[in-house]
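Residue-level structure breakdown
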Amino acid sequence: MEKLLDILRELHPETDFETETRLVDGGILASFDVVMLITRIEEEFGVVIPAKEIVPKNFNSAAALFALITRIGEQDD
Amino acid sequence: MKTVLEYLSARQSAGPDRPMFSDERETLTAEDVALRSDRIGSALIMRGASREPVLVWMRRGGAMIAAFFGVWKANCFYVPVDTEMGESRIRSIVERVKPRFAIVDESADALLSACGYTGEALDASTLLSEPADPDALETAGKQTLDSDPAYLVFTSGSTGAPKGVVGVHRALIDYAEQITKTLRATDSDVFGMQAPLYVDACMKEILSALKCGSSVVLVPKKLFMTPVPLVEFLNAHRVTALCWVVPALTLISALHTFDAVVPQYLKTVAFGSEVMPPKQLSVWRAHVKARYLNLYGPTECTGMSCFYEVDRDFADDERIPIGRAFDNTEIFLIDENGRRSDEGEIFIRGTCVCHGYYRDPERTAKAFVQNPLNPDYPETVYRTGDLGRINDRGELEFLGRRDDQIKHMGHRIELGELEAAAKAVAGVDAACAVFDRERSVLGLVYTGAIEKAALLSALREKLPEYLLPKRTAQTERLPLTENGKTDRKAAALLLYR
């Protein structure tokens, strides 16, 4: 989780990612931010995020995103 | 023909009920667009507007495009503004232009006075409730010249102040001819528009709709975060043509979207505004059979000036050419000695060259210059600041910039504008903006007491989203070159410390 928070803070140091739950719906993540974010996650966590998982509910909070990464990681194993 | 609005009458008689512009809220037919623009034009004339800039500050949608046309019908030129441009950008536009009239909807209400606007704010829905005045419209139409301004759009400026590019009617007529020919637009095409309406990029679709009867669907901005719903949207609307900035296309290809869903109706995929990575183009071409066009052109020359139709495969380290100039436009390269050359700065001449920058003679004189190859009579050409070369096949290639301008997320950015905004924040002593081309990351290195988070919050208030740094580093002092200038290359390294 800490690794994910670091990636997110690099993009938006002004946001409190531990509490924010409207990253997409609240417009904090900009359009096109998502490519950079996913590329970094795929590098750092060694997972491939399927395109159909790239929907607001998986990206609205750091917790949801972490749950997604964990779920995909388990499927891969 | 004096303005591209003459095409609108043809559209009205050819198919008044055909959808012209659709957005999340409504679909406007050719008839709707004509009626609305008549009413808005009449209402402006009635209030005394003539040959002057009119601010149009509305939500992105067909209603805003109809308002643009209404401004033309009143023999005025529009200045498009969107809340997403950010308060400080809008304030500097308002200060420079000082418009007497603004056409607004509820998206502008709260911010108008905060941005220093003191003129009359005309609610679009009020203007639409007033009757059209055919006589007044006819008189205004007669007074319009094809050499008059059509719009003022603002691009990033190096000293912090954006530059207002004065677009001209006859250049739009020319552009309508060239861009629709290049795109092979027809009345069976459906364009999925990605561009915001406050840049000239939106003209590709608008002109295709006017001249060829294509229909335009404005793709909601929020879809450009979610590639699968984005492609599903294109399929649901049977979109046949895209003219998108490169990051919008790579959002789809880089995130394995084609494993889940593939666009089914596309015939034309045009891209531009920054360099397309060949790898991403290959992914697209492997999954979607269409014509692929690389477009290039500065706002100062009215939309795009040159194109290359992809006709071969490219290795990952190859350059996709920008091809050759549109008809009625010449592109030539000038070397350091001021001579025509196969490699050098890109100059553009033709009807497409706009009138210069609004209330900005200094910066106009630097970019709109006498043709260096013509000593005989006055001839203004535009020097782009871009570097190019002619390859072995005779195609033009884009090499990069002469200065600190970059293209990022489809927008032109002067690093100086980000620096100027950062330096204006209390607690920042010095700032250096850098662009990491490899990772396509805009970064900011600064000195001063303010924390990163507070600085970012302050910048967020002032700047449009695409000008916000994605990486920030605080440092004791900025690295300098031997000449005592800020060393951007060394500063860039600090970002990844």
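Remember, predicted model here, so these are calculated numbers, not experimental data.

1. What about the overall build of chain B?
Scanning chain B for helices and strands turns up 16 helices and 25 strands. In summary, chain B has a C-alpha radius of gyration of 23 Å against a globular reference of 23 Å for 497 residues, a match within 12%. In terms of overall dimensions, chain B has C-alpha extents of about 70 × 60 × 50 Å along its principal axes. Going through the 497 residues of chain B one by one, you find that 52% of them count as buried. For chain B, the proportion of contacts with a sequence separation of at least 24, taken over those separated by at least 6, is 65%.

2. A word on the overall build of chain A
A tally of regular secondary structure across chain A gives 4 helices and 0 strands. Start at the N end of chain A and walk to the C end: the helices and strands fall as α-α-α-α. The C-alpha atoms of chain A give a radius of gyration of 11 Å, which matches the 11 Å a tight globule of 77 residues would have. With the C-alpha coordinates of chain A rotated into their principal frame, the extents come out at 35 × 25 × 20 Å. Here chain A holds 77 residues, and 32% of them are scored as buried. Contacts spanning at least 24 positions in sequence make up 61% of the contacts within chain A whose residues lie at least 6 apart.

3. Section: helix α1 (residues 6-14) of chain B
Residues and elements named next belong to chain B. Looking only at α1, the buried set comprises Y7, L8 and R11. Angular distribution of buried residues about the axis of α1 spans 105°; they occupy a single face of the element. Of the exposed residues in α1, those oriented more than 90 degrees away from the buried face are S9 and S13. Where α1 is buried, its residues meet α2 (30-46), α3 (62-73) and α9 (203-212).

4. Describing the nonpolar core
In terms of nonpolar packing, the biggest core is built from 188 residues, with B:L44, B:V54, B:V56, B:A67, B:V71 and B:I103 touching the most fellow members. In terms of residues, this core owes the most to one element, α3(B), which gives 9 residues.

5. Describing the domain arrangement of chain B
If you check the domain split of chain B, you get domain 1 (1-9 + 20-144), domain 2 (167-403) and domain 3 (413-494). Put simply, the middle of domain 2 of chain B and the middle of domain 3 of chain B, counted by C-alpha atoms, are 29 Å apart.

6. Details of the pairing of strand β7 (residues 149-155) of chain B
All names here are of chain B. Most of β7 sits inside the fold, with 7 of its 7 residues counted as buried. Examined bridge by bridge, β7 and strand β8 (residues 163-168) share 6 bridges and lie antiparallel to one another. Residue pairing in the sheet places V153 in a bridge with V165 of β8.

7. Observations regarding the interface of chain A and chain B
Taken together, the contact pairs 21 residues of chain A with 26 residues of chain B. Listing elements by their share of the side of chain A that touches chain B, those giving two or more residues are α1 (2-11) and α2 (33-45) of chain A. Counting residues per element, the side of chain A that touches chain B draws most heavily on α2(A), at 4 residues. Looking at the side of chain A that touches chain B, its residues break down into 16 nonpolar, 2 polar and 3 charged.

8. Regarding the sheet that holds strand β24 (residues 441-447) of chain B
Residues and elements named next belong to chain B. Taken together, the 3 strands give an open sheet; going across it, the order is β23-β24-β25, and neighbouring strands pair in mixed fashion. Sheet topology places β23 (430-436) and β25 (471-474) at the edges, where each strand pairs with a single neighbour. The mean inter-strand angle of the sheet, taken between neighbouring strand axes irrespective of direction, is 20°. Sheet topology places β24 next to β25; 4 bridges connect them, and they run parallel. Note on β25: the bridge partner recorded for L444 is T472. Contacting β23 and β24, helix α14 (residues 415-423) crosses the sheet at an angle of about 145° to β23.

9. Some words on unusual backbone geometry
All names here are of chain B. The backbone phi angle of R238 is positive, close to 50°, even though this residue is not glycine. With respect to the helices and strands, R238 occurs in the loop between α10 (227-236) and β11 (241-245). A positive phi angle is found at S273, which is not glycine, with a value near 80°. Topologically, S273 is positioned in the loop between β12 (268-272) and α12 (278-287).

10. Here's the deal with the packing of helix α8 (residues 169-183) of chain B against α9(B)
All names here are of chain B. It is the contact of α8 with α9, at a shortest axis distance of 9 Å, that shows an interaxial angle of 90°. Taken as axis vectors, α8 and α9 run roughly perpendicular relative to one another. Along its contact with α8, which presents L172, Y175, A176, I179, T180 and L183, the element α9 presents M203, K204, L207, S208, L210, K211 and C212. Per-class residue counts for the contact of α8 with α9 are 9 nonpolar, 2 polar and 2 charged.

11. Side note on the packing of α1(A) against α2(A)
All names here are of chain A. One can describe the packing of α1 onto α2 by two numbers: an axis separation of 11 Å at closest approach and a directional angle of 150°. When the axes of α1 and α2 are compared, the pair comes out roughly antiparallel. The two elements α1 and α2 cross, and the hand of that crossing is right-handed. Contacts between α1 and α2 pair K3, I7 and L11 from the former with D33, L37, R40, I41 and E44 from the latter. Classifying every residue of the contact of α1 with α2 by side-chain character gives 4 nonpolar, no polar and 4 charged.

12. Brief notes about the confidence of the model for chain B
Put simply, chain B has an average pLDDT of 94, and 100% of its residues get 70 or more. Predicted complex metrics record ipTM = 0.91 and pTM = 0.91.

13. Remarks on the environment of B:R184
Relative to the helices and strands, B:R184 resides in the loop between α8 and β9 (190-193). Along the primary structure B:R184 and B:T268 are separated by 84 residues, whereas in three dimensions their C-alpha atoms are 8.6 Å apart.

14. Considerations on the environment of B:V219
Residue and element names in this part refer to chain B. Relative to the helices and strands, V219 resides in the loop between β10 (215-218) and α10. For V219, a count of 23 C-beta atoms within 10 Å gives the class buried. In this structure, the C-alpha to C-alpha distance between V219 and E309, residues 90 residues apart in sequence, is 24 Å. Sequence-distant contacts of V219, that is, excluding residues within four places in its chain, are made with G192, M193, Q194 and F233.

Calculation notes
Residues numbered from 1 in each chain as written. Chains lettered and ligands numbered in written order. Predicted model: local features only at pLDDT ≥ 70, side-chain atom pairs only at ≥ 80, totals over all residues. Helix = DSSP H or I, 4+ residues; strand = E, 2+ residues; numbered from the N terminus. Rg over C-alpha atoms; globule rule 2.2 N^0.38 Å. Buried ≥ 20, exposed ≤ 12 C-beta atoms within 10 Å, placed from the backbone. Contact = placed C-beta atoms within 7 Å. Arc of directions from axis to C-beta. Core = buried A, V, L, I, M, F, W, Y, C linked by C-beta atoms within 7 Å. Domains from an automatic or database assignment. Pairing = 2+ DSSP bridges. Nonpolar A, V, L, I, M, F, W, Y, C, P; charged D, E, K, R; others polar. Axes fitted to C-alpha atoms, helices over the stretch in contact; angles between N-to-C directions. Parallel < 35°, antiparallel > 145°, perpendicular 65-115°, else oblique. Left-handed = near helix turned anticlockwise from the far one by under 90°. pLDDT = per-residue confidence, 0-100.

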